[in-house]
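What follows is each chain in one-letter form.
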Amino acid sequence: MMKKYKFIGLFFATFACHCTSLTQDPAYYDPPPLATHFNGEHFVGSESCIECHAEIYASHLQSAHYRTSQPPSEENIKGSFEPGSNRLELENVAFEMTHQEGTFYQHTIIEDMTQPIPPQTFDIVIGSGIKGQSYLSWDNDYLFQLQVSYYPPTNSWINSPGFPSTPIKRPVRDGCLKCHVSFATNRDFSGQGNQYDKEKIVYRVDCERCHNPAMTHVTHHRSHPDIDSPTFILTFDTLSRQQRLDACAQCHSGPRAGIIKGNSFSYLVGETLADYSRNFHTGQKDHELDVHGNQYGLLRSSTCFQQSPQMDCMTCHDPHSNQRGDIAHFNHRCIECHGAHAISCTADASDKQSMKNSCIACHMPNTPSKSMSVQLDQDSLETPVYIRTHLIDIYPKESWHH
């Protein structure tokens, strides 16, 4: 019996020494930077958050924000590479997708072409696949969008939105990339070029996109584990309503193509977004705001927002979670303001049932985008993409969409 206790004591002593040696490793206190913001602060990646925020991190892994850009794999590319389902036919060109030894390719096939076009690789997956997916490809350190995209309603490859029916290479610049990664370093500071430092892209809309570069925070708390209150990090309870809105508006208020200061990645949450960029749609009438990308403008135009001094995006959305399809959650958000009995729904019982008793199905219906449409194949006309409007209103029945 004594030997057993001696063995257990030896085990814990060894374990304690091992842990101590780990925490004394300088790399533990000073994680290597993934990229450096223009203000000198370093990004270290969301993996550095796990040790203190494991529950939030695990939840965030399931969110569309987390999945909006990632390296390619069989699991996260939604389109099929199986023969019979791996081809897109357009007017004078075909595209065939293949998969060989862990690498995914787009082949461009043009009849009677004397010089074949080299295949392009799937290098970055853009989008979670709920509304669709597009794909980016490196040519040395120049970044381009592939011609094919994936479209869930037809479970098929389609011509990427905005592409002609002929093969082109569309360069990917900061103005587009900024809403799908947390940070990227463009060789051209203005962001107009498409040449990037491939080793300094922080994928996904991650923790540091909203809470700002975290190396100082991580280093400080690893070396001072007794400190409970967050230091050297931005927390949202310190922000004004407009600052909280700006955090979402940087990507959800349209293209914001009018750069005023710095470039598309210069703004950090907590600053004033209007000092850095503006949306060329500013001043448009409510009904002209497009559902693709300008959820912020639509929300601000809503009576709900205008009569609720503290309402912001997080009144309804938890950015750390995947709440898509959670009707009970969103109904509860509505009832919190409107009261369970203060306003009664006037829809017919059959309509309520068909809309699954969802407030937003009727008052924030899926609406066709004026700016985002897709061509399914060589014979089809462009089809608008349906996106849920954030203009909360009373809509006619014919506008209701699940």
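Residues numbered from 1 in each chain as written. Predicted model: local features only at pLDDT ≥ 70, side-chain atom pairs only at ≥ 80, totals over all residues. Heavy atoms only, no water.

### Section: the nonpolar core
Of all hydrophobic cores here, the largest spans 19 residues; its most connected members are Phe236, Val269 and Leu299. If you list the elements that add at least two residues to this core, you get helix H7 (241-252) and helix H8 (295-300). With three residues, H7 is the single largest residue contributor to this core. (Core = buried A, V, L, I, M, F, W, Y, C linked by side-chain atoms within 4.5 Å. Buried < 20%, exposed > 50% of the residue type's maximum accessible area, 1.4 Å probe, protein only. Helix = DSSP H or I, 4+ residues; strand = E, 2+ residues; numbered from the N terminus.)

### Quick notes on the sheet that holds strand S6 (residues 103-109)
One open sheet accounts for four strands, arranged S4-S5-S6-S7; its pairing is antiparallel. Since the sheet does not close on itself, it has two edges, and those belong to strand S4 (87-89) and strand S7 (120-121), each with one partner. Note: S4 against strand S5 (residues 94-100), three bridges, orientation antiparallel. When the bridges of S5 are listed, Glu89 appears paired with Ala94. (Pairing = 2+ DSSP bridges.)

### Some points on helix H6 (residues 215-223)
Most of H6 is tucked away: seven of the nine residues are buried. Three or more residues of H6 are buried, namely Met215, His217, Val218, Thr219, His220, His221 and Arg222.

### Topic: the sheet that holds strand S10 (residues 142-145)
With antiparallel pairing, the five strands of this open sheet are ordered in space as S3-S8-S9-S10-S13. Two strands close off the open sheet at either side, each with one partner strand: strand S3 (69-70) and strand S13 (170-171). In this structure, strand S9 (residues 134-139) lies alongside S10, joined through four bridges in antiparallel fashion. The partner of Trp138 across the bridge, within S10, is Leu143.

### Structural notes on the pattern of salt bridges
Across all of its chains, the model carries seven salt bridges by this definition. For Arg222, the salt bridge identified is with Glu51, shortest N-O distance 2.6 Å. Remark: Glu51 occurs in the loop between strand S2 (42-43) and helix H3 (54-60) and Arg222 occurs in helix H6; sequence separation between them is 171 residues. Since its relative accessible area comes to 41%, Glu51 is described here as partly exposed. The closest approach of N and O atoms between Asp139 and Lys169, which form a salt bridge, is 2.9 Å. With Asp139 in strand S9 and Lys169 in the loop between strand S12 (156-159) and S13, this residue pair connects regions lying 30 residues apart in the sequence. Among the charged side chains, a salt-bridge network with shared partners connects Arg87, Glu89 and Glu96. (Salt bridge = Lys/Arg side-chain N within 4 Å of Asp/Glu carboxyl O.)

### What to know about unusual backbone geometry
At Glu101, a position not held by glycine, the phi torsion is positive, near 50°. In this fold, Glu101 is placed in the loop between S5 and S6. Classification of Glu101 by relative accessible area gives exposed; the value is 84%. Positive phi values are uncommon outside glycine, yet Asn212 reaches one of about 80°. Relative to the helices and strands, Asn212 resides in the loop between helix H5 (207-211) and H6.

### Some thoughts on the confidence of the model for the chain
The pLDDT averaged across the chain works out to 88; a share of 89% of its residues lies at or above 70. Low pLDDT, under 50, characterises residues 1-23; the stretch is placed with three contacts to residues that sit more than four places away or in other chains. (pLDDT = per-residue confidence, 0-100. Contact = heavy atoms within 4.5 Å.)

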